[in-house]
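What follows is the residue order along each chain.
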Protein chains: 4
Amino acid sequence: MKQMEPKNYDFSNVKFFTPAQLSQHYGLYTNYIDCYNNVSTNLQSSTIYNYCNSNYSEIRSAEKSKTFCLDSIKLHELYFENLTGNNTRIYGKIENIITNKFGTYSSFLDKFKCIARSMRGWVIFCHDKYSDDYYIYGQDSHDDGVMLCAEPLIVLDVYEHAYMIDYGTNRSLYINVFFENLDYSIVNQRLE
Amino acid sequence: MKQMEPKNYDFSNVKFFTPAQLSQHYGLYTNYIDCYNNVSTNLQSSTIYNYCNSNYSEIRSAEKSKTFCLDSIKLHELYFENLTGNNTRIYGKIENIITNKFGTYSSFLDKFKCIARSMRGWVIFCHDKYSDDYYIYGQDSHDDGVMLCAEPLIVLDVYEHAYMIDYGTNRSLYINVFFENLDYSIVNQRLE
Amino acid sequence: MKQMEPKNYDFSNVKFFTPAQLSQHYGLYTNYIDCYNNVSTNLQSSTIYNYCNSNYSEIRSAEKSKTFCLDSIKLHELYFENLTGNNTRIYGKIENIITNKFGTYSSFLDKFKCIARSMRGWVIFCHDKYSDDYYIYGQDSHDDGVMLCAEPLIVLDVYEHAYMIDYGTNRSLYINVFFENLDYSIVNQRLE
Amino acid sequence: MKQMEPKNYDFSNVKFFTPAQLSQHYGLYTNYIDCYNNVSTNLQSSTIYNYCNSNYSEIRSAEKSKTFCLDSIKLHELYFENLTGNNTRIYGKIENIITNKFGTYSSFLDKFKCIARSMRGWVIFCHDKYSDDYYIYGQDSHDDGVMLCAEPLIVLDVYEHAYMIDYGTNRSLYINVFFENLDYSIVNQRLE
């Protein structure tokens with residue numbers, strides 16, 4: 001496991017978010033990078049593999065945090081990357097996929113937003129490589145409810161930390177604002 | 001979401017497992033198929049999207065079970081598929097990857113087995129498409145601790161239902177027996 | 001935190017369970033005692049409180065396992081204690097409570113058994129001290145879905161390890177057998 | 001299961017919290033009351049017990065949400081009740097318990113605050129009725145990591161929704177501010 005560095009994102013065109021909300025969210029992301037790097041260092045040690053126990057052990061703790069933090073890093077990078085405020089009108093390959101699957105973009109939006117209000121961590125529109133199908137699905141935390149073999153296309157953070165500074169408990173408004181910032185050029189790149 | 005059918009597996013060369021253990025395990029897998037098909041049917045209804053709530057709602061329940069059962073189906077199919085009793089000696093591309101990453105196959109086995117004794121659901125050796133790296137990682141249940149964007153190569157079920165009929169609580173022995181049945185031809189196919 | 005010792009149970013009148021099932025289950029219980037004692041020792045160290053982090057830290061790992069293992073110890077002791085094969089006919093104060101709440105014992109049994117088939121870890125009939133009400137409720141693991149302030153009266157383990165050696169995946173049969181062994185004298189003592 | 005009503009709290013002496021933070025937090029609490037009442041209504045129906053399944057069923061969904069929301073209601077009521085801004089200097093029976101167990105109040109505070117920074121949902125100082133001992137322990141969500149048989153004495157919400165409007169991601173500052181508002185008169189009443 002290599003050491004990681006946080007990536008940088010350009011939020012200059014992101015609408016309806018304050019710098020406080022975005023910068024504090026970004027700060028949490030860097031904490032997950034630190035977590036991953038700490039785990040990575042500890043897993044270099046051979047002694048951590050000397051006591052293997054599913055109730056309580058250092059290796060168990062490291063493995064739990066490895067996946068938790070690595071999932072969180074990936075999800076935050078995918079989220080920040082598709083939150084630019086540019087190219088917010090759907091077009092191209094993603095438009096074809098969504099209209100084939102849901103009939104209309106509006107029907108897709110209704111379902112995505114409903115699922116976003118019904119889960120506690122993340123909402124994702126993905127290609128499932130295993131079944132070669134497309135799904136909207138939700139997670140309750142960074143590592144709880146992840147869809148195995150999914151290739152994320154649209155990624156929305158619905159953790160309270162993503163919106164509470166700007167929107168308080170008004171998650172519905174935050175979800176609407178997300179789609180006013182979602183960059184379909186990035187989403188189409190993920191389909192290549 | 002399409003309806004699914006359970007796949008069939010040939011366990012005739014699998015060693016050190018009784019037909020009772022294997023057939024009851026297979027029966028659980030068919031339950032997950034039923035679950036997925038029920039969820040799939042319920043998600044066809046447009047009324048399920050009328051009430052969206054992260055504390056208690058039909059859509060929440062369907063979404064939770066969709067991922068839980070779909071993850072479980074994928075993991076069980078990958079497990080049954082790589083548990084044949086044939087081609088149990090490591091070779092080919094997977095051998096190169098493992099020796100590059102862990103030095104020796106024996107060192108890989110020590111780490112994999114330790115993690116398998118420290119987690120509560122599944123242990124997986126995977127290619128992480130996101131970071132283009134390889135990891136052994138463990139899950140505590142079908143949907144808890146899944147690594148996002150992972151492409152599973154070696155899949156071991158460590159739920160109690162996978163071994164208790166044959167091995168009681170002796171999970172270490174079960175893990176050893178798994179490697180006496182692991183089909184490296186299947187693992188190499190997953191790398192193509 | 002004091003060191004703990006496993007308690008002993010007399011299973012000599014327990015019907016329809018093999019010694020293998022009961023002794024291996026008891027062995028898992030002693031593992032939770034070991035876990036608790038290890039955590040307890042590590043929490044004596046003052047250095048464990050030097051690094052406090054909710055993504056990855058020794059204190060986090062110790063705290064997670066402390067509650068997991070302590071809950072598991074309590075639940076197993078309550079389960080083994082009420083699984084004697086004696087006094088299996090309902091009577092006394094618990095009978096009054098159940099018939100007041102559910103109309104008939106048979107109606108209670110139907111609901112309890114249904115919930116026992118719908119959860120993944122434990123099913124409990126309890127007095128909720130906070131609301132001064134009675135509930136059947138279920139947990140998905142030792143520490144997931146615990147009812148805060150509950151005083152357990154009837155405790156049934158539905159982890160796969162509780163029945164797979166004797167009943168395979170036939171959980172319904174195991175649940176029936178539990179009630180042929182449930183000691184209502186013990187349950188009534190818990191109401192004093 | 002009876003229908004519930006939200007309780008009212010007097011936050012007029014609470015320091016260093018804005019009305020926005022407190023009122024939005026209170027609003028979330030009323031959502032949990034709604035959840036409980038919905039579950040309660042659905043559990044009146046006898047048809048919900050007709051299909052019992054641990055992968056996907058209405059009874060499973062209702063039972064999961066029953067405990068989640070009931071735990072959340074209890075915890076929020078205990079939290080709001082002990083957050084008054086009055087009687088913030090430790091005294092009485094709780095002082096004796098804490099100094100007996102931790103040596104000094106300062107040592108207790110250090111440990112409590114460290115655990116509060118290491119968990120994801122709640123931190124609680126409780127009397128464990130089962131072992132007749134006292135513990136600081138933490139939960140990762142309303143229903144994950146609850147200590148069975150615990151009688152809560154000091155209850156601190158560390159969900160992001162408890163502090164993000166006022167403190168952003170600065171959880172350490174929020175934890176300090178909690179102790180400047182903790183009402184030891186309420187805590188002592190819980191010991192009676």
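Now for a description of the structure that goes with this document. It should be emphasised that the depicted structure is a prediction, and the values quoted were computed from it without experimental measurement. (Residues numbered from 1 in each chain as written. Chains lettered and ligands numbered in written order. Predicted model: local features only at pLDDT ≥ 70, side-chain atom pairs only at ≥ 80, totals over all residues. Heavy atoms only, no water.)

### Things to note about the interface of chain B and chain C
This is how the line gets drawn: By definition, residues are in contact when any of their heavy atoms lie within 4.5 Å. As used here, buried area is the combined drop in accessible area, with a 1.4 Å probe, of two parts when they are placed together. Think of a salt bridge as a Lys or Arg side-chain nitrogen and an Asp or Glu carboxyl oxygen that are within 4 Å of each other. Put simply, DSSP H or I for four residues or longer makes a helix, DSSP E for two residues or longer makes a strand, and each gets a number counted from the N terminus. Just so you know the grouping, Ala, Val, Leu, Ile, Met, Phe, Trp, Tyr, Cys and Pro go in nonpolar, Asp, Glu, Lys and Arg go in charged, and all remaining residues, Gly too, go in polar.
Counting from both sides, the interface comprises 12 residues of chain B and, opposite them, 12 residues of chain C. For the pair chain B and chain C, the summed buried area comes to about 1,100 Å², and 59% of that belongs to carbon and sulfur atoms. Of all residues in chain B, Glu160, Met164 and Thr169 of chain B bury the most surface against chain C, accounting for 42% of the area lost on that side. Linking chain B to chain C there are zero salt bridges. Contributing elements (two or more residues each) for the side of chain B that touches chain C: α1 (19-44) and α5 (164-167) of chain B. Considering each element in turn, the side of chain B that touches chain C owes the most residues, three residues, to α5 of chain B. The class makeup of the residues in the side of chain B that touches chain C is six nonpolar, four polar and two charged.

### Description of the interface of chain C and chain D
Defined as follows: Pairs of N or O atoms are called polar contacts if they sit within 3.5 Å, as long as, within protein, a hydrogen donor faces a hydrogen acceptor (for residues adjacent in sequence, only side-chain-to-side-chain pairs).
Contacts between the two partners involve 53 residues from chain C, matched on the other side by 53 residues from chain D. Roughly 4,600 Å² of surface becomes buried between chain C and chain D when both sides are summed, with 54% attributable to carbon and sulfur atoms. When residues of chain C are sorted by the area they lose upon contact with chain D, Lys74, Tyr130 and Leu148 of chain C head the list and together hold 15% of the total. Where chain C packs against chain D, one counts 10 salt bridges. Across the salt bridge formed by Arg60 of chain D and Asp140 of chain C, the nearest N and O atoms sit 2.7 Å from each other. Seen at the junction of chain C and chain D, the total is 28 residue pairs in polar contact (both at pLDDT 80 or more). Those elements that place two or more of their residues in the side of chain C that touches chain D are α2 (58-82), α4 (105-116), β2 (133-139) and β3 (150-157) of chain C. By residue number, the principal contributor to the side of chain C that touches chain D is α2 of chain C, which donates 12 residues. For the side of chain C that touches chain D, a count of residues per class yields 21 nonpolar, 10 polar and 22 charged.

### A word on the relation of the copies chain B and chain C
Short version of the rule: The superposition of copies rests on a least-squares fit of C-alpha positions from residues with pLDDT of 70 or more in both.
Superposition record for chain B on chain C: RMSD 0.0 Å, screw rotation 180°, translation along axis 0.0 Å. Here the two chains are linked by the operation of a two-fold rotation axis. Residue Ile165 of chain B of chain B places its C-alpha closer to the rotation axis than any other residue of that unit, at 2.4 Å. Comparing contact sets, 100% of the residues at the interface of chain B also lie at the interface in chain C, consistent with an isologous, same-surface contact.

No statement about biological role is implied by the geometric values presented.
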